[in-house]
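Overview (structure and organization)
Residues per chain, in single letters:
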Amino acid sequence: MKRLLSILILVFIITETAVSQLYISPDATLFINKDATLAIDCNTQNDGKIVNPGTIQAFGNFDNRKYMQSTGTFVLAGKTQTFYHQNHDLSTLICNGGGIKNLINSINIYNSLELNQGLLKPFDSTILLLKNGAATTSGNSGSYVDGRIYTEGLQSRYFPVGRGGLFSPCEFISAKGDTNVRYGIELINPTTLTLKKGKQNQGNMPSRYWKMDVKKSTFTQAYVALSYSEDDMFANPDLIGVVQADDSTAMFDMLRKNTEIPSLISNTGLLYSTSGKPVTKHYFTLGDYLLVDMKLFFVPNALSHNSLDTNDRAVRVYGSVLQKERFSFVVSNQWGNVVFKTTSLDEMSEKGWDGTNSHTKRKETTGQYFYVVKGVTLAGENFEKAGSIWIID
């Protein structure tokens, strides 16, 4: 049959039919009417030309080796199937039927991507691109993109991604950068890495993270909403924020969350957190963030060598809001000479400064002295405060 068709010029005008096998020879054209549906029960090989303003339902492997113009709908309706498309464009692509739909070649989608049943799995080198203006459905635990989805332009974009049997979508909102930017998002799950805690970060989601790949032009920033479920273990559900890093092995810094920015993730039944600040880096996940009440920080402004209360004989640092690392406490006299200096937070919290000059080992005289304390808060923020201390007797 293949040999016979290869020497004929055929034009099939399909209105509604189902076939068990389909081969289109190099000189043949298959045309599906706008209101028609062609259901193909088994494998298809196209060495000719397909024009589809209607609907094609493919239940088997689909090997488009030459040309297909699809301004209509293409449905991957089988259980497990492979789709070779030779980098051509599609208007609407629908996933039905369950199973895994392997995408071998890159595809540009202009109208919509609909995920109902089955996993859409692009190969590593495949670019599944949603063109500017293309829409996508929410997806679900049984239908998502098991790999990377690319988008074009700066419109807000919902990414129905997942991996390792887990559906975990994300959404980019109010993106900024070049108008023709092209970037992709994928879920890394599970990960064997121990993600490092950065600024204001008490602990990262241990199992997964999302990764961005910029293919064209410049991406600057976007608010990002990331999904999670009640099964994910967080220290405090009210303090779940988005964290970002330059690389999967770098420190993930906290961006906190913004409860005023909604996300399409709410349509999936999953929970989500939207970043409080825009994401500017290419690796991100969720974490617990710290709330530090800096009103608790306190340094007394006076000491007395002869006080009956031993607590008043030294100035200490109170509040337990600073980290031990990168701490310093410096006291100078009225001429700017340093009379005391320490980098030990424990020393200033427990013993404090009792008015002794670090150099002469003698008690300083009555008068006004000036201190500068520097450090890093438990939330990872730089801290500096200056004030005065009176030695009153």
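So, a few notes on the structure that sits alongside this text.

What counts and how
- Residues numbered from 1 in each chain as written.
- Predicted model: local features only at pLDDT ≥ 70, side-chain atom pairs only at ≥ 80, totals over all residues.
- Heavy atoms only, no water.
- Helix = DSSP H or I, 4+ residues; strand = E, 2+ residues; numbered from the N terminus.
- Contact = heavy atoms within 4.5 Å.
- Salt bridge = Lys/Arg side-chain N within 4 Å of Asp/Glu carboxyl O.
- Buried < 20%, exposed > 50% of the residue type's maximum accessible area, 1.4 Å probe, protein only.
- Polar contact = N/O pair within 3.5 Å; in protein donor to acceptor, adjacent residues only side chain to side chain.

Moving on: the environment of His-282. Following the sequence through the fold, His-282 ends up in the loop between β28 (271–274) and β29 (283–289). Other than its neighbours up to four places away in sequence, His-282 contacts Trp-210, Lys-211, Met-212, Val-214 and Ala-245.

Scanning all chains against the criterion turns up twelve salt bridges. Note that Lys-131 is salt-bridged to Glu-152, the shortest N-O span being 3.1 Å. A residue pair is termed long-range when its members are at least 10 positions apart, and Lys-131 in the loop between β14 (128–130) and β15 (135–136) and Glu-152 in strand β16 (residues 149–152) qualify at 21 residues. Asp-146 is paired through a salt bridge with Arg-163; the nearest N and O atoms lie 3.6 Å apart. With a gap of 17 residues between them, Asp-146 in the loop between β15 and β16 and Arg-163 in strand β18 (residues 162–163) connect regions that are remote in the sequence. According to the relative accessible area criterion, Asp-146 is buried, its value standing at 11%.

Moving on, we get to the side chain of Asn-333. On the secondary structure map, Asn-333 appears in the loop between β31 (328–332) and β32 (338–342). A polar atom in the side chain of Asn-333 sits 3.0 Å from the backbone nitrogen of Trp-335. With near-sequence residues (within four places) excluded, Asn-333 lies in contact with Val-339, Tyr-369 and Phe-370.

It is worth stressing that arrangement in space is one thing and function is another; only the former is reported here.
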